[in-house]
Amino acid sequence: MQHIISLLMENESGALSRVAGLFSARGYNIESLTVAPTEDETLSRMTIVTSGSNEIIEQINKQLNKLIDVVKLVDITANGDHIERELMLIKVKADTNEKREEIKRQADIFHGQILDVTDTTYVIELIGEGSKLDAFIKAMDAADILETVRSGATGITRGETCLRL
Amino acid sequence: MELSGDDIVTQFLKDEGVEYVFGYPGGAVLHIYDALFRQDAVKHILVRHEQGATHAADGYARSTGKPGVVLVTSGPGATNAVTGIATAYMDSIPLVVLTGQVTSQFIGSDAFQEVDSVGITRPCVKHNFLVKDVKDLASTLKKAFYVATTGRPGPVVVDIPKDITDPNIKIPYEYPKSMELRSYNPVLEVIPTQIEKAVDALLSAKRPIIYSGGGSVLGNASEELRTFTRQLGYPITQTLMGLGAYPEPDPLNVGMLGMHGTYEANMAMHECDVLLAVGARFDDRVTGDVKQFCPNATIIHIDIDPASISKNVQVDIPLVGEVKHVLKELSKTVTATKRKPDEKALNSWWDKIKDWASKDCLRYDRNSALIKPQFVVEKLYEVTGGDAFVTSDVGQHQMFAAQFYKFNEPRRWINSGGLGTMGFGLPAAIGTQLGNPEQTVACVTGEASIQMCLQELSTALQYSTPIKVVNLNNRYMGMVRQWQEFFYESRYSQSYINALPDFMKLAEAYGHVGMRIDKPEDVEGALKEAFAMKDRLVFMDFITDQKENVYPMIAAGKGHHEMHERELA
Ligand SMILES: Cc1ncc(C[n+]2csc(CCOP(=O)(O)OP(=O)(O)O)c2C)c(N)n1
Ligand SMILES: [Mg+2]
């Protein structure tokens, strides 16, 4: 099953490579990994999307916790409700009126925004769960997709439970 | 006090109570070496190769329980140290390794003798640091010692760019007495309800066994292990890393387990109904095929490292905490319950174990005209009164030493169990001897292993460490040859070393005493003569049976009940 692990780590150089190195050294899956500073400048927050059996996920949690730079972590998919979001920018061929209309229509359905328009292309911004972004890609004609870039998932728990110090 | 970075290093080490630094100089650490020259509180041991420095510091740490300290230069100094760092990492040994680094402004420019030491060592350290400001030097060193020695111990590297130790830049220095790392809180109190569950399982057992590992040694839990085991009267088996935490000559001890463990220990593991693992990590050399491991047992596991729990084998009752503390709690709770072990079941369990033991699985041909390696270790045990520190290398000789030297105390048996590093034995013996100057130190080695860090014979002379080297010279990489005999139809591909040196002359060339022994009847006399030379390193080259094998043996990936045994005529 897919899990989203959120963690707070010391904002030290090399902290990212410790996490990445752990995943490669132990052969764990890593589907996406995002990291950015937080409101507390000494901390970064990382979101890792991974998958594996329950035993492997348990090991991943423990091994991450064992890293000296990791201050706190939570598997937001494990305990209760959470919100997951990913950002995608997708550049598509839009070189006929027909296509332009169809793409615009699809973007509206998916609550996407067209950020850039040229005579032949659109850049569309889409935000949602990974599966929604996948669905949008499917809805496009594969031959028209020029480029896609996805941020990787981030997430947060619902309600009062928080990942903070 | 105002100090420059180089003096901060030496002053800090002194304040931290460091006795020895094992090292080798070079450009990036020359400021620190100059600072060492200016003081005499911290003694520097000049090795002959940086691998030797790490192994010597490691032997010092294993035998004394104090952290080992290493100082090497950047680039090749650091890369040479990596094998020793990885060795310490695999066996959870506390080391603090200071590596010089090129001047900060040159980092990343492929400067002379630059390597990314933090990057190279990352997968084989508990943690590592790059010092970016001299103001952080003392606190970083403190953190390094703290991380290395607390929780599950391990090596920590501190990479120090040359400008950080610039003698011309002075800053205020104060020894940081304590420190806190918000992301690292290693001391865990075991959960009381878990203790109760464990005690209930243990007292309900019909076929219990205690399986104790390196954690009992590292956690200084020998006393508690003895008390608890005797309180229950349960059989105990120890891993290669755990030997001596429980005295081996004791009647409750059923010997080492695992690939070359005793028949009785492995069979008892296979048939037990309750397993208490104490500071052990279910290594594949211990478990064999995990699918067939202790198939009927409720597994209780004491470990300080939560990540060790259910890593290789699913655990029923985890007890996370310091081994010493957890064992004390177990003991207390057993006493308080007033419940007793099931005596009837226990008696018939012991009968079964004694039956297995009667196979005498470690037997070997005692009438051979050739020197049997087992015989040498038995005599070594007798001649040293079972009281020596014994380091070893990797191979058959290591297994013979583990099987035939009966350790009474923890920290006496010093070997590279996790990484299996040939070359470990001699430098580790030097560190052990320096840490235990009044004690007897023997290094049981093989003619292939000893050549991997042979240069340290020179270090041993410089610091007058009167080690006794017991070279079990079978003219083969015996362990490799054994696997080739068993699994490759005796095709001895590259396991025979042609053109061996004359070890006796070699020892003499290094300024030591050399001996060659090639007859069984001379073994005891030679050992007595050697150990009588209290202030000399004696290198005993025992010419042993070339084709002797280590038995019993569980082939890799097999179950505990599928042992190969020796067939004797
Ligand atoms: C650095 C290193 N290289 C290779 C090995 C693989 N290896 C394990 S045992 C062994 C042979 C050891 O031979 P020797 O030291 O003569 O000991 P013996 O088995 O003959 O007692 C080898 C090559 C190792 N453990 N370490
Ligand atoms: Mg050999």
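Look a little higher up for the structure.
Okay, so let's go over this structure. The structure displayed is predicted, hence computed values, not measured ones.

Definitions and cut-offs
- Residues numbered from 1 in each chain as written.
- Chains lettered and ligands numbered in written order.
- Predicted model: local features only at pLDDT ≥ 70, side-chain atom pairs only at ≥ 80, totals over all residues.
- Heavy atoms only, no water.
- Contact = heavy atoms within 4.5 Å.
- Buried area = accessible area lost by both parts, 1.4 Å probe.
- Salt bridge = Lys/Arg side-chain N within 4 Å of Asp/Glu carboxyl O.
- Nonpolar A, V, L, I, M, F, W, Y, C, P; charged D, E, K, R; others polar.
- Pairing = 2+ DSSP bridges.
- Helix = DSSP H or I, 4+ residues; strand = E, 2+ residues; numbered from the N terminus.
- Axes fitted to C-alpha atoms, helices over the stretch in contact; angles between N-to-C directions.
- Donors = N, O, S within 2.8 Å, 3.2 Å for Na, K, Ca; no water.
- Tetrahedral: all angles 85-135°; square planar, octahedral: opposite > 155°, others 65-115°.
- Buried < 20%, exposed > 50% of the residue type's maximum accessible area, 1.4 Å probe, protein only.
- Core = buried A, V, L, I, M, F, W, Y, C linked by side-chain atoms within 4.5 Å.
- Near = heavy atom within 4 Å.
- Polar contact = N/O pair within 3.5 Å; in protein donor to acceptor, adjacent residues only side chain to side chain.
- Areas by Shrake-Rupley, 256 points an atom, 1.4 Å probe, with all protein chains shown as cover.

1. Overview of the interface of chain B and chain A
By a widespread convention, an interface's size corresponds to the accessible area lost as its parts come together. Facing 19 residues of chain B, the contacting portion of chain A comprises 19 residues. For the pair chain B and chain A, the two sides together bury roughly 1,500 Å², of which 46% comes from carbon and sulfur. Of all residues in chain B, B:R122, B:R182 and B:S183 give up the largest surface area on contact with chain A, accounting jointly for 40% of the area buried on that side. Here chain B is connected to chain A by two salt bridges. In this structure, B:R182 and A:E10 form a salt bridge, with 2.8 Å as the shortest nitrogen-oxygen distance. Its residues placed into classes, the side of chain B that touches chain A shows seven nonpolar, five polar and seven charged.

2. Focus: the sheet that holds strand β9 (residues 208-212) of chain B
All names here are of chain B. Pairing is parallel across the open sheet formed by six strands, whose spatial order is β11-β10-β9-β12-β13-β14. At either margin of the open sheet sits one strand with a lone partner, and together these are β11 (253-256) and β14 (317-320). When the angles between neighbouring strand axes are averaged without regard to direction, this sheet yields 15 degrees. Pairing of strand β13 (residues 298-303) with β14 involves four bridges; the strand directions are parallel. By the bridge assignment, I302 is partnered in β14 with L319. Sheet contacts for helix α12 (residues 323-337): β12 (274-278), β13 and β14; angle to β13, the most-contacted strand, approximately 130 degrees.

3. What about the coordination of the magnesium ion (ligand 2)?
Residues and elements named next belong to chain B. Within the protein, the magnesium ion (ligand 2) binds to E447 (OE), E447 (OE), N474 (OD1) and Y476 (O); these donor distances fall in the range 2.0 to 2.5 Å. One can describe the site at the magnesium ion (ligand 2) as irregular: its six donor atoms subtend angles covering 52 to 175 degrees at the metal. Coordination of the magnesium ion (ligand 2) draws on donor residues from a single chain, spaced E-x26-N-x1-Y in sequence. Highlighted residues: E447 in the loop between β17 (441-446) and α17 (456-462) and N474 in the loop between β18 (468-473) and α18 (478-487), separated in sequence by 27 residues. Using a relative accessible area of 1% as the deciding quantity, one classes E447 as buried.

4. Quick word on the sheet that holds strand β1 (residues 2-10) of chain A
Residues and elements named next belong to chain A. Strands sit in the order β2-β3-β1-β4 across an open sheet of four strands; the sheet is antiparallel. What marks the edges here is a single partner per strand, and that holds for β2 (32-37) and β4 (70-75). Here the average twist between neighbouring strands, direction ignored, is 15 degrees. Pairing of β1 with strand β3 (residues 43-51) involves nine bridges; the strand directions are antiparallel. For Q2, the partnering residue across the bridge sits in β3 and is S51. Contacting β1, β2 and β3, helix α1 (residues 15-25) crosses the sheet at an angle of about 15 degrees to β3. Relative to the sheet, helix α2 (residues 54-66) contacts β1, β3 and β4, its axis offset from that of β4 by approximately 160 degrees.

5. A few points about the nonpolar core
Residue and element names in this part refer to chain B. Ranked by internal contacts, the top residues of the largest apolar core, which has 97 residues, are L275, L319, L330, M540 and F542. At six residues, helix α7 (residues 192-204) tops the list of elements feeding residues into this core. I45, A88, C124 and A429 belong to the second-largest nonpolar core, a separate cluster that totals 42 residues.

6. Looking at the pattern of salt bridges
In a structure, side chains of opposite charge can pair up when their charged atoms sit close to one another. Residue and element names in this part refer to chain B. Counted under the stated rule, the structure contains 43 salt bridges over all chains. One salt bridge in this structure joins K142 and E16, with 3.1 Å as the shortest N-O distance. Of this pair, K142 sits in helix α6 (residues 137-149) while E16 sits in the loop between α1 (5-15) and β2 (20-23); the two residues are 126 residues apart in sequence, bridging distant segments of the chain. Owing to a relative accessible area of 23%, E16 belongs among the partly exposed residues under this scheme.

7. Considering the site of ligand 1
Residues and elements named next belong to chain B. Near ligand 1 lie 17 residues; those nearest to it are Q396, G420, S449, Y476 and G478. For ligand 1, a nitrogen atom lies 3.4 Å from a polar atom in the backbone of M422. Residue A448 places a main-chain N or O atom 3.2 Å away from an oxygen atom belonging to ligand 1. Considered on its own, ligand 1 offers 590 Å² of accessible surface; in the complex 76% of this is hidden by protein. Every element with two or more residues in the shell around ligand 1 is listed here: α15 (396-404) and α18. A per-element tally of the shell around ligand 1 places α18 first, with three residues.

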